[in-house]
Amino acid sequence: MNSPWKVKYIPKTESTQTDLKTGYISGKFDPGQVLVALSQSQGRGRLNHEWCSPLGNLAMSLILKIPQEFGNRAYQYNLLAGLTVRNILDNEFGQKALIKWPNDVFLDGKKLGGILSEAITRGSESVVVIGIGINLNSTADDFPEALRPHLTTLRDATGQIHDLKNLVTRFLTCFDDVLNEYHSQGFSKLKNRIEDRLLWRGQKTEIWDEWGQKQNGILTGLDESGFLLLRDDKNNLIRILAGDICF
Ligand code: BTN
C-alpha cells in the first residue's frame, strides 16, 4: 500500500509545528504533509513551554485529517501518537517507555519525548497538527544545565546513535496501523494499551487540573474517552480533562 504521508526534511526552522499550521491555513500544505527539521530554534511544547531540540534529535510535525465522525475527539489523536512512540521504542529499540498523561514519553523516570497536538480547520475540513519531539542522538549534556537532571535521550539509554530517517519511517508506518485500528474499532482496546504503560499508575499523584486547581489521589487509569481518573482519599473518582501531573 502507498504511504499516505508526504515527508519533507529541512535542515532548520523555528518550529515545524508553526510551519505546518500556518502552511495549512494558507493552503501551502495539505493533510498528509510531514515536516522534519534537523534543528529548531523556537520549538514549542504544551502549555506554551519551550521545547529544546539540539541537533540530532527528532523534531517532526504532521497534518492528519480527522474524519467527520471523529471531529470532537481530536485530543485522542494525541494519546495515539504517544502510544505509537511507546510501541516503537519497545519493538525497535527494546526500551520500556511509559506515557505520562497526556503527552510525555518517559524512560527510566526521565522525559525522552513529548507530543503536541493542535486541532485546526480550513473551511469544512478539520485536521490535527501533531508535533513529535524525541531526544534521539544528542546527550543530556547538550541541553541547558537546568533541564539535564529531568531528561534522557535514546543515545544515553542505548549507548548508540540511531538513524533519524528510519525512526520517521517506523513512526509513520506504526501510526498508520494505530489509526486504522482506531477508525475501524474505536478507542477502547487502544485505551487499554495506553493504560498498561501509564506512568505512576496505581500511585499517589498530584495534578494541576484544567482550572488550575491541585488535585490529589491515586492515579487509577483513563476513562472511556481517554481522560485521566484519580481516586481521592474519600474514594471519589475524579476525572481530569486536561492538566499537568506533578508527580
Ligand atoms: C511537550 O512536551 O510539551 C510537547 C513537545 C513537542 C515538541 C515537538 S518537536 C516538533 C514539533 N515542533 C514544535 O515546535 N513542537 C513539536
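Residues numbered from 1 in each chain as written. Predicted model: local features only at pLDDT ≥ 70, side-chain atom pairs only at ≥ 80, totals over all residues. Heavy atoms only, no water.

**As for the overall build of the protein**
Condition: The way it works is that DSSP assigns letters per residue, a run of H or I at least four long becomes a helix, a run of E at least two long becomes a strand, and they are numbered from the N terminus. In this description the radius of gyration comes from C-alpha coordinates, and the expected globular size is given by 2.2 Å times residues to the power 0.38. Note on definitions: a residue-residue contact is assigned when non-hydrogen atoms from the two residues lie within 4.5 Å. Areas reported as accessible are Shrake-Rupley estimates using a 1.4 Å probe. Residue values count occlusion only from the protein chains shown. In this tally Asp and Glu are treated as negative and Lys and Arg as positive; neither His nor the chain ends contributes. Positions of charges follow a simple convention, taking NZ of Lys, CZ of Arg, CG of Asp or CD of Glu.
In terms of regular secondary structure, the protein is built from 5 helices and 14 strands. Taking 247 residues into account, the globule formula puts the C-alpha radius of gyration at 18 Å, and the protein, at 18 Å, falls close to it. Across its three principal axes, the protein shows a C-alpha extent of roughly 55 × 45 × 35 Å. Contacts in the protein between residues at least 24 apart in sequence constitute 62% of all its contacts with a sequence separation of at least 6. Working note: accessible area of the protein is about 12000 Å², and carbon and sulfur atoms make up 48% of it. The centroid of the 29 positive side-chain charges in the protein is displaced by 2 Å from the centroid of its 29 negative side-chain charges.

**A word on the sheet that holds strand β2 (residues 33-40)**
The strands that make up a sheet are held in pairs by hydrogen bonds between backbone atoms, and each pair lies either parallel or antiparallel. Basically, it comes down to this: Pairing between two strands is assigned when DSSP locates at least 2 bridges connecting them. Fitted lines through C-alpha atoms serve as axes, helices being fitted only where they are in contact, and the angles separating the N-to-C directions of these axes extend from 0 to 180 degrees.
Pairing is mixed in the open sheet, where 7 strands are placed in the order β1-β2-β5-β9-β8-β7-β6. Looking along the sheet, the strands with just one partner apiece sit at the ends: β1 (6-13) and β6 (98-100). Each strand of the sheet is rotated relative to its neighbour by a mean of 20°, with strand direction disregarded. Relative to strand β9 (residues 125-134), strand β5 (residues 58-65) runs antiparallel, the two sharing 8 bridges. Residue pairing in the sheet places methionine 60 in a bridge with isoleucine 132 of β9. Docked against the sheet, helix α4 (residues 164-185) engages β1, β2, β5 and β9, running at close to 30° with respect to β5.

**Thoughts on the site of the ligand**
Put simply, the test is: Put simply, a residue is near a molecule or strand once any heavy atom of it comes within 4 Å of that molecule or strand. By the criterion applied in these results, polar contacts are pairs of N or O atoms within 3.5 Å in which, for protein atoms, one can donate a hydrogen and the other can accept it, and in which residues neighboring in sequence qualify only through two side-chain atoms. Note that Gly is not counted as nonpolar here; it falls among the polar residues with everything else outside the nonpolar set of Ala, Val, Leu, Ile, Met, Phe, Trp, Tyr, Cys and Pro and the charged set of Asp, Glu, Lys and Arg.
Taken together, the neighbourhood of the ligand is formed by 21 residues, with Ser15, Gln40, Arg44, Arg46 and Lys111 sitting nearest. Between the ligand and threonine 16 there is a distance of 3.1 Å, counted from a nitrogen atom to a side-chain nitrogen or oxygen. Between the ligand and the protein, one listed contact pairs an oxygen atom with a side-chain N or O atom of asparagine 103 at 3.3 Å. In isolation the ligand has 410 Å² of accessible area, and contact with the protein removes 98% of it. Looking at the shell around the ligand, the elements that each hand over two or more residues are α1 (16-26), β3 (43-44), β5, β8 (110-122) and β9. Take the shell around the ligand: its biggest share by element is 4 residues, from β8. Here the residues of the shell around the ligand sort into 6 nonpolar, 11 polar and 4 charged.

**Some words on the nonpolar core**
In plain terms, the rule: Take the buried residues of types Ala, Val, Leu, Ile, Met, Phe, Trp, Tyr and Cys, join any two whose side-chain atoms come within 4.5 Å, and each joined set is a nonpolar core. Only protein chains enter the accessibility calculation, which uses a 1.4 Å probe; a residue is then buried when its area is under 20% of its type maximum, exposed when over 50%, and partly exposed in between.
If you look at the biggest cluster of nonpolar residues, it comprises 54 residues, and the most contacted ones within it are Leu62, Tyr77, Ile130, Ile132, Phe171 and Phe175. Not counting residues up to four positions away in its chain, the partners in contact with phenylalanine 175 are Trp5, Leu62, Leu64, Leu80, Ala81, Thr84 and Ile130. Ranked by size, the runner-up nonpolar core spans 10 residues in total, among them Tyr24, Ala37, Ile120 and Val127.

**Re the pairing of strand β11 (residues 214-222)**
Alignment of strand β10 (residues 204-209) against β11, held across 5 bridges, turns out to be antiparallel. Pairing of isoleucine 207 across the sheet is with glutamine 215, part of β11. Counted along the chain from β10 to the antiparallel partner β11, the turn is 4 residues long, and its residue glycine 212 has a positive phi close to 80°. Examined bridge by bridge, β11 and strand β12 (residues 228-231) share 4 bridges and lie antiparallel to one another. From the neighbouring strand, glycine 221 faces β12, where its bridge partner is leucine 229. Linking β11 to β12, which pair antiparallel, is a turn of 5 residues; within it glycine 226 sits at a positive phi near 105°.

**Some points on the side chain of aspartate 223**
Checked against the element boundaries, aspartate 223 lands in the loop between β11 and β12. Residue aspartate 223 is classed as buried on the basis of its relative accessible area of 12%. Of note is the side chain of aspartate 223, whose polar atom sits 2.9 Å from the backbone nitrogen of serine 225. Setting aside its immediate chain neighbours within four residues, aspartate 223 contacts Lys191, Leu229 and Arg239.

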